[in-house]
There are 2 protein chains.
Amino acid sequence: MTEFKLNATAASLLGFLHDGPMTGWDLVTIAQERIGDFWSLSQSQVYRELSSMSVAGLIKAGERGPRDRRPFTITDVGRAAFAEWLNRETGEETIRFPLLLIVLFGQHVPKQRLAEVIIEHRERHARQLADYEKSLEDMVALEHIPTSQPDPYAMATLRFGVKYEQAVLDWFDELPEVIRGR
Amino acid sequence: MTEFKLNATAASLLGFLHDGPMTGWDLVTIAQERIGDFWSLSQSQVYRELSSMSVAGLIKAGERGPRDRRPFTITDVGRAAFAEWLNRETGEETIRFPLLLIVLFGQHVPKQRLAEVIIEHRERHARQLADYEKSLEDMVALEHIPTSQPDPYAMATLRFGVKYEQAVLDWFDELPEVIRGR
DNA sequence: TGGTACATGTAACATGTTACATGATTAG
DNA sequence: CTAATCATGTAACATGTTACATGTACCA
């Protein structure tokens with residue numbers, strides 16, 4: 001068994017492929033929707049990972065369909081690699097927050113500019129929170145429809161988004177006057 | 001004026017160089033301390049950025065001292081580039097949180113493993129929160145010593161850390177039983 | 001005098017970003 | 001018929017990670 005060392009991005013693609021064959025396009029779309037908020041990935045990365053996983057036998061390309069659509073199917077090797085990844089991965093999160101750099105170097109930033117940047121970011125986060133809350137409500141609403149039930153795992157990641165955005169907004173609102181101006 | 005397009009990492013180094021000449025080693029150390037929690041960077045990156053900024057004339061290498069220490073000084077061009085960066089940069093944060101991937105794919109993760117991973121991460125975050133709170137207390141304590149006063153900008157980034165960790169812990173504690181086990 | 005921390009740097013590789021090239025299908 | 005969307009892929013480059021090679025100065 002030649003161990004193919006999965007990265008988190010490739011692993012996620014395998015995760016999605018557990019639900020059935022998908023094309024690169026499908027995967028880009030679905031990944032951006034379902035993990036894009038806490039694991040960014042781009043279209044070209046997806047195609048790159050697909051081609052290397054295909055070479056390694058973790059997935060198998062099917063016949064090309066209309067518009068050259070090419071569905072990939074996960075193989076047993078792929079399923080094993082995914083399981084192995086789930087079992088091994090324990091990495092910490094990476095946060096890279098340019099705004100905090102601007103704040104840290106605040107003494108070099110014109111007061112006006114600093115205040116504007118803060119306001120702009122605060123608005124972004126308020127919008128993001130609203131989006132998350134909306135999605136969460138929609139999901140919770142599913143509970144009350146007999147045949148459907150929400151995915152508790154997806155719900156947990158959404159709740160993370162809500163908590164995170166709330167914390168960020170809180171932080172904005174408690175910034176001292178020197179920083180947020182006014 | 002040939003515009004040298006700074007990235008956030010290089011810009012941060014310039015930011016630190018505003019306080020006086022420093023060597024690569026100094027910069028690695030100081031950067032990890034002061035921005036490492038929200039902007040990771042490695043030793044080899046620092047040397048790489050220094051050498052390209054040196055070529056571009058944003059910084060100037062001084063004489064080698066003991067142990068081959070080579071201090072870099074920011075130039076006027078560098079100061080301008082830094083100011084320009086502060087004025088241009090408005091990027092959003094990137095969060096890459098492997099744990100959330102594991103949670104999202106929870107249906108494929110053995111219950112036991114999922115619960116363990118959650119516990120482990122919760123502990124990490126509890127520790128991190130404690131660290132942040134300690135540093136914050138130390139900083140606040142400075143306020144009561146006549147001659148010294150804490151840097152409000154550094155304090156704000158620390159407060160962000162505290163808020164963030166509190167939110168994460170909160171999230172852990174509200175996870176449903178299906179996910180956190182027990 | 002020997003280990004640890006200091007200090008510089010490179011090499012090799014993995015990952016991430018941006019832009020482009022090409023074409024098919026569908027909806028208006 | 002034509003614009004938008006779907007769909008695949010590559011190229012070029014920027015950034016990030018890990019490991020190694022080399023040597024110095026300090027201090028116990």
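Residues numbered from 1 in each chain as written. Chains lettered and ligands numbered in written order. Predicted model: local features only at pLDDT ≥ 70, side-chain atom pairs only at ≥ 80, totals over all residues. Heavy atoms only, no water.

Student: Before we go on, may I ask you to explain helix 2 (residues 24-34) of chain A in this structure?
Tutor: One turn of an α-helix holds 3.6 residues; hence residues three or four places apart share an orientation. The complete set of buried residues in helix 2 of chain A reads Gly24, Leu27, Val28, Ile30 and Ala31 of chain A. Close packing links the buried residues of helix 2 of chain A with helix 1 (8-17), helix 3 (43-55) and strand 2 (72-74) of chain A. (Buried < 20%, exposed > 50% of the residue type's maximum accessible area, 1.4 Å probe, protein only. Helix = DSSP H or I, 4+ residues; strand = E, 2+ residues; numbered from the N terminus. Contact = heavy atoms within 4.5 Å.)

Student: Got a minute to help me understand the protein's contact with DNA strand D in this structure?
Tutor: Near DNA strand D there are 19 residues, and of these Trp25, Arg69 and Arg96 of chain A together with Gln45 and Arg48 of chain B occur at the shortest range. Of all DNA strand D atoms lying within 4 Å of any protein atom, the proportion belonging to sugar or phosphate reaches 61%. Contact between DNA strand D and Gln43 of chain A: a base oxygen at 3.4 Å from a side-chain N or O atom of the residue. Between Arg64 of chain A and DNA strand D, the recorded distance is 2.7 Å, taken from a side-chain N or O atom to a phosphate oxygen. Elements that contribute at least two residues to the surface near DNA strand D include exactly helix 2 and helix 3 of chain A together with helix 3 (43-55) of chain B. Among the residues forming the surface near DNA strand D, the class breakdown is two nonpolar, nine polar and eight charged. (Near = heavy atom within 4 Å. Polar contact = N/O pair within 3.5 Å; in protein donor to acceptor, adjacent residues only side chain to side chain. Nonpolar A, V, L, I, M, F, W, Y, C, P; charged D, E, K, R; others polar.)

Student: Please clarify how the protein's contact with DNA strand C should be interpreted in this entry.
Tutor: Taken together, 19 residues lie around DNA strand C, and Gln45 and Arg48 of chain A together with Trp25, Arg69 and Arg96 of chain B are the ones closest in. Across the atoms of DNA strand C situated within 4 Å of the protein, the share located in sugar and phosphate is 62%. Between Asn7 of chain A and DNA strand C, the recorded distance is 3.1 Å, taken from a side-chain N or O atom to a phosphate oxygen. Between a phosphate oxygen of DNA strand C and a main-chain N or O atom of Trp25 of chain B, the distance comes to 2.5 Å. Going through the elements one at a time, helix 3 of chain A together with helix 2 (24-34) and helix 3 of chain B are the ones with two or more residues in the surface near DNA strand C. When the residues that make up the surface near DNA strand C are grouped by side-chain class, the tally is two nonpolar, nine polar and eight charged.

Student: What should I look at first to understand the interface of chain A and chain B in this one?
Tutor: When the parts of a complex come together, some accessible area is lost, and that lost area is often taken as the interface size. Listed per partner, the contact involves 63 residues of chain A and 62 residues of chain B. Of the roughly 6,300 Å² buried between chain A and chain B on both sides combined, carbon and sulfur atoms contribute 67%. Summed over the shared surface of chain A and chain B, the number is four salt bridges. A salt bridge links Lys163 of chain A to Asp170 of chain B; the nearest nitrogen and oxygen atoms lie 2.9 Å apart. At the level of elements, helix 1, helix 4 (76-88), strand 3 (94-96), helix 5 (98-104), helix 6 (111-142), helix 7 (152-173) and helix 8 (177-180) of chain A are the ones that each hand at least two residues to the side of chain A that touches chain B. Looking at which element gives the most residues to the side of chain A that touches chain B, the answer is helix 7 of chain A, with 13 residues. Looking at the side of chain A that touches chain B, its residues break down into 32 nonpolar, 16 polar and 15 charged. Sheet analysis places strand 3 of chain A next to strand 3 (residues 94-96) of chain B, joined by three bridges and oriented antiparallel. Within strand 3 of chain B, the residue paired with Arg96 of chain A across the bridge is Thr94 of chain B. (Buried area = accessible area lost by both parts, 1.4 Å probe. Salt bridge = Lys/Arg side-chain N within 4 Å of Asp/Glu carboxyl O. Pairing = 2+ DSSP bridges.)

Student: Can you help me understand the pattern of salt bridges in this one?
Tutor: Pairing is possible between side chains that carry opposite charge, provided their charged atoms lie close to one another. Tallied over the entire structure, the rule returns 18 salt bridges over all chains. A salt bridge links Lys163 of chain B to Glu174 of chain A; the nearest nitrogen and oxygen atoms lie 3.2 Å apart. Placement of Lys163 of chain B in helix 7 (residues 152-173) and of Glu174 of chain A in the loop between helix 7 and helix 8 is noted, with the two residues assigned to different chains.

Student: In this structure, what is going on with the packing of aromatic side chains? I would like to understand it.
Tutor: The description of two aromatic rings rests on the distance between their centres and on the angle between their planes. Counted according to the given criterion, the structure contains 13 aromatic pairs over all chains. With a centroid separation of 5.2 Å and an interplanar angle of 65°, the aromatic rings of Phe16 of chain A and Phe105 of chain B are classed as edge-to-face. Of this pair, Phe16 of chain A sits in helix 1 while Phe105 of chain B sits in the loop between helix 5 (98-104) and helix 6 (111-142), which puts the two residues in different chains. On the basis of relative accessible area, Phe16 of chain A is assigned to the buried category, the value being 0%. Look at Phe105 of chain B and you get buried, because its relative accessible area is 3%. Look at Tyr164 of chain A and Tyr164 of chain B: their rings are 5.9 Å apart centre to centre, the planes differ by 80°, and that puts the pair in the edge-to-face class. Placement of the pair is Tyr164 of chain A in helix 7 and Tyr164 of chain B in helix 7, with the two residues belonging to separate chains. Looking at Tyr164 of chain A, the relative accessible area reads 5%, which means it is buried. (Phe/Tyr/Trp six-rings, centres within 6.5 Å; stacked < 30°, edge-to-face > 60°.)

Student: Would you mind going over the environment of Arg159 of chain B with me for this structure?
Tutor: Within the secondary structure layout, Arg159 of chain B lies in helix 7. The exposure class of Arg159 of chain B is partly exposed, given its relative accessible area of 34%. Between the C-alpha atoms of Arg159 of chain B and Ile102 of chain B, which are 57 residues apart in sequence, the distance is 28 Å. Once you skip the residues sitting within four places of it in the chain, Arg159 of chain B turns out to touch Trp171 of chain A together with Leu136 of chain B.

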